[in-house]
Amino acid sequence: SGIKNELGEISHYVGIQEDISERKLTQESLLRSEKQYRNIFESFQDVFYRTDLNGKIKIVSPSIKSFGYDPEKLIGVNVKDFYPDPKDRTSLMDILSKHGKVKDYELSLTANSGMIIQSSLNAKLIFDENGVPFEIEGVLRDISERKIAEDKLIRNEEKYRSLSDISPDIITILDRDLNITFINHALPGTLSIEQVMGVNFAVFLQTKNREEGLLALKQVFKTGKETHFEIEGIGPQPEMHWFVIRCGPVKQNGEVVAITLFISNIHERKQMELEIRQKTIDLGERVKELNSLYEISKRAENTQVSIDEILNSCLEVIRSGWMYSDDACVRITYRNRSFKTTNFSDSKWCMESKILINEQQVGKLEVYYIVEKPEADEGPFFHEERLLIDNISARLSKIIENAQIKKELIKAKEDAEAGNRAKSSFLANMSHEIRTQMNAILGFTELLSEQVEDNKQQEYLSVVSSSGKSLLRIINDILDLSKIEAGMMDIQYHTVNPHQLFKEIKQMFSWKSKE
């Protein structure tokens, strides 16, 4: 400031020098902070606001534009105007009064367009130096999209939960440690879903399936690819059922974080497969049995072989009809003769059947297993094999019986042929003897007819000659009968004089008629 002299004029100045460098730095720092705060405030995505206790807006960030409002025009406006339901404002103030703050408080607000926007609020009371609240400061976030997504997620979750609840399959989710984090139905042998939640899935795998199952589950985590496998038995169930487990990865940011299992009970399907497989095997066995019977019948048709040859040829055919044919051997006994397969060996595993002819046993058929086999209907043999061996025995009985009948027929034929030959020989001899004598009679009758002149005697000699010739023809006819039986008869044609024939017949019977 200036200092005046006695004349009232400023003669010199007096001043105080003060270092304000620190203050200037502080001011500059405050300006920078304010600018930085302003930049943050203006670029803030959420809506920052401050109101008095009555709800009049004192400060609001430019981000309120996302609600369609001009931030400058909102200063002094009461926030109650933005609540579709005034009760929501009352509930908020009750919580603030009680706790002094709210966090993630959800409420509905009206946008400038009239649309209802779902919002999330973090707010607190501002207190003065005396601890008396005088303002409310908060951050408001538009969560409409999140709420839509959450609602969609809830609906999807409800839909999928409904599907999982009605699904006959067991659906479960395992974390990376194979612990159960979700399951729709209790596993077999467990009481409730709560019992298995958080339990390691390996516990429920039966010992014989555990290594295979765990390896398949780990492969899903490793490769991220779906897989499936079948196991017998899940959980502490008394009865072992077959299941198929389909495994799919649950990925997050490209990484497998869990796996979903769909567990289907396929016990009935497996039982049907086993039944079909067994029926297929049974059908194959029946085909083998039919082939055996067919081959035996086919061999019996060969009439050029003996019964011994037929029985020998049937041995391998019979052996092939049994379930374990490689370990089977066969023996046929007939009238103290025995026919065996090359691998024959007695054992305690035997099935036999009698060979009967006219209800009398003439032999037996035996089938042995030379090594032990699983127990079946009759020791290691099946009921169908009992039917087979009895059928084969009956077939062999018929073959033997037919062979015997054939043999008897052959003998009867030979005997008949021998009788025919003896008869033919007898007739030939007799006819020769008779013909010789008859020729002598005819010769002397002819000589007498040349010497006798009496007509009466000539007539008598004519009758003798005619009768002799007739007798000679009868002898020739007997020889012709033998030729006919031998198939050697030849028919010859000659001229006949009917008058002479009738005359000779008259002469033959004239004396008989006179008597």
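Up top you'll find the structure we're talking about.
Residues numbered from 1 in each chain as written. Predicted model: local features only at pLDDT ≥ 70, side-chain atom pairs only at ≥ 80, totals over all residues. Heavy atoms only, no water.

(A) Geometry of the overall build of the protein chain. The helix and strand inventory of the protein chain stands at 10 helices and 16 strands. Taking all 515 residues of the protein chain together, the buried fraction comes to 32%. Taking all contacts inside the protein chain whose residues are at least 6 apart in sequence as the whole, residues at least 24 apart take part in 47%. When the accessible surface of the protein chain is summed, it comes to about 34500 Å², and 53% of that surface belongs to carbon and sulfur atoms. (Helix = DSSP H or I, 4+ residues; strand = E, 2+ residues; numbered from the N terminus. Buried < 20%, exposed > 50% of the residue type's maximum accessible area, 1.4 Å probe, protein only. Contact = heavy atoms within 4.5 Å. Areas by Shrake-Rupley, 256 points an atom, 1.4 Å probe, with all protein chains shown as cover.)

(B) Molecular detail of unusual backbone geometry. The backbone of Leu178 shows a phi angle near 70°, a positive value even though the residue is not glycine. With respect to the helices and strands, the residue Leu178 is situated in the loop between strand S8 (170–175) and strand S9 (180–183). A residue is classified by how much of its surface remains accessible, and Leu178, at 7% relative accessible area, is buried. Non-glycine residue Asn253 carries a positive phi angle of around 55°. If you trace the backbone, Asn253 turns up in the loop between strand S11 (242–252) and strand S12 (255–265). When its relative accessible area of 80% is taken as the criterion, Asn253 is described as exposed.

(C) Broad picture of helix H2 (residues 86–99). For H2, which comprises 14 residues, the first-to-last C-alpha distance of 20 Å matches the rise-based estimate of 20 Å (1.5 Å per residue) to within 8%. Residues of H2 that are buried include every one of Arg89, Leu92, Met93 and Leu96, and no others. The arc enclosing the buried residues of H2, seen along the axis, measures out at 95°, which places them on a common side. Turned more than 90 degrees off the buried face of H2, the exposed positions are Lys87, Lys98 and His99. The elements touched by buried residues of H2 are strand S5 (101–110), strand S6 (116–127) and strand S7 (133–142). Within two residues after H2, Gly100 carries a phi angle of roughly 85°, on the positive side. (Expected span 1.5 Å × (residues − 1). Arc of directions from axis to C-beta.)

(D) How the structure looks around the state of the cysteines. In this structure the tally under the stated criterion is 0 disulfides. Its sulfur unpaired, Cys329 is 8.6 Å from the next cysteine sulfur, which belongs to Cys350. A relative accessible area of 0% places Cys329 in the buried class. (Disulfide = S-S within 2.5 Å.)

(E) Here's a closer look at the sheet that holds strand S4 (residues 57–60). If you walk across this open sheet you meet the 5 strands as S4-S3-S7-S6-S5, and the pairing is antiparallel. Looking along the sheet, the strands with just one partner apiece sit at the ends: S4 and S5. Taking each pair of neighbouring strands and ignoring which way they run, the sheet shows an average axis angle of 30°. With 8 bridges connecting them, S5 and S6 associate as antiparallel partners. Counterpart to Leu109 in the pairing with S6 is Ile117. Relative to S5, H2 is tilted by about 170°, and along the sheet it contacts S5, S6 and S7. (Pairing = 2+ DSSP bridges. Axes fitted to C-alpha atoms, helices over the stretch in contact; angles between N-to-C directions.)

(F) A look at the pattern of salt bridges. Here the structure, examined in full by the defined rule, presents 17 salt bridges. Two residues, Asp308 and Arg337, come together in a salt bridge whose shortest N-O distance is 2.8 Å. Of the two residues, Asp308 sits in helix H7 (residues 307–319) while Arg337 sits in strand S14 (residues 337–340), which places them 29 residues apart along the sequence. When its relative accessible area of 26% is taken as the criterion, Asp308 is described as partly exposed. Between Lys364 and Glu366 there is a salt bridge, with the nearest N and O atoms lying 3.6 Å from each other. Judged by its relative accessible area of 26%, Lys364 falls in the partly exposed class. (Salt bridge = Lys/Arg side-chain N within 4 Å of Asp/Glu carboxyl O.)

(G) Representation of the side chain of Ser325. The topology assignment puts Ser325 in the loop between H7 and strand S13 (328–334). Residue classification places Ser325 among the buried positions, given a relative accessible area of 19%. Once residues within four sequence positions are removed from consideration, Ser325 is found in contact with Lys288, Arg319 and Ser320.

(H) How the structure looks around H7. Relative to the 18 Å expected for 13 residues at 1.5 Å per residue, H7 spans 19 Å between its end C-alpha atoms, a close match to the ideal helical length. Of the residues making up H7, those classed as buried are Ile307, Ile310, Leu311, Cys314, Leu315, Val317, Ile318 and Arg319.

(I) How the structure looks around the packing of aromatic side chains. The tally for this structure, following the rule as stated, stands at 4 aromatic pairs. Between Tyr69 and Phe82 the ring centres are 5.0 Å apart and the planes differ by 70°, which places this aromatic pair in the edge-to-face class. Placement of Tyr69 in the loop between S4 and H2 and of Phe82 in the loop between S4 and H2 is noted, with a sequence separation of 13 residues between them. As far as the burial class goes, Tyr69 and Phe82 line up, both buried. Centre to centre, the rings of Tyr324 and Tyr369 are 5.6 Å apart; their planes meet at 65°, and the pair counts as edge-to-face. Separated by 45 residues along the polypeptide, Tyr324 in the loop between H7 and S13 and Tyr369 in strand S16 (residues 360–369) bring together distant segments of the chain. The class for Tyr324 is partly exposed, based on a relative accessible area of 24%. The exposure class assigned to Tyr369 is buried, which follows from its relative accessible area of 0%. Site record: aromatic cluster; members linked through ring pairs are Tyr324, Tyr369 and Phe381. For the cation-ring pair, Lys373 lies above Tyr324, with the distance from its terminal atom to the ring centre recorded as 4.9 Å. (Phe/Tyr/Trp six-rings, centres within 6.5 Å; stacked < 30°, edge-to-face > 60°. Lys NZ or Arg CZ within 6 Å of the ring centre and 35° of its normal.)

(J) Main features of the nonpolar core. In terms of nonpolar packing, the biggest core is built from 30 residues, with Ile296, Ile318, Trp322, Ile332, Leu365, Ile392 and Leu396 touching the most fellow members. Elements supplying a minimum of two residues to this core: helix H6 (267–300), H7, S13, strand S15 (350–357), S16 and helix H8 (383–451). Excluding anything up to four places from it in sequence, Trp322 contacts Glu285, Lys288, Met351, Val367, Tyr369, Phe381, Glu385, Leu388, Ile389 and Ile392. The next biggest cluster of nonpolar side chains, apart from the first, holds 25 residues, and it includes Ile64, Val79, Leu121 and Ala123. (Core = buried A, V, L, I, M, F, W, Y, C linked by side-chain atoms within 4.5 Å.)

(K) The arrangement of the environment of Val256 in detail. With respect to the helices and strands, Val256 occurs in strand S12. Sequence separation between Val256 and Val220 is 36 residues, and the spatial gap between their C-alpha atoms is 8.3 Å.

(L) Structural detail: the sheet that holds S14. Spatial ordering of the open sheet is given by S14-S13-S16-S15, a layout of 4 strands whose pairing is antiparallel. With one partner strand each, in any of the chains shown, S14 and S15 form the two edges of the open sheet. Averaged over all adjacent pairs, the angle separating strand axes in this sheet is 15°, with direction ignored. Bridge count between S13 and S14: 4 bridges; the pairing is antiparallel. Directly across from Thr333, in S14, lies its bridge partner Ser338. Across the sheet, H7 is in contact with S13, S14 and S16; its angle to S13 comes to roughly 155°.

Without other data, these values stay purely geometric and don't point to any function.
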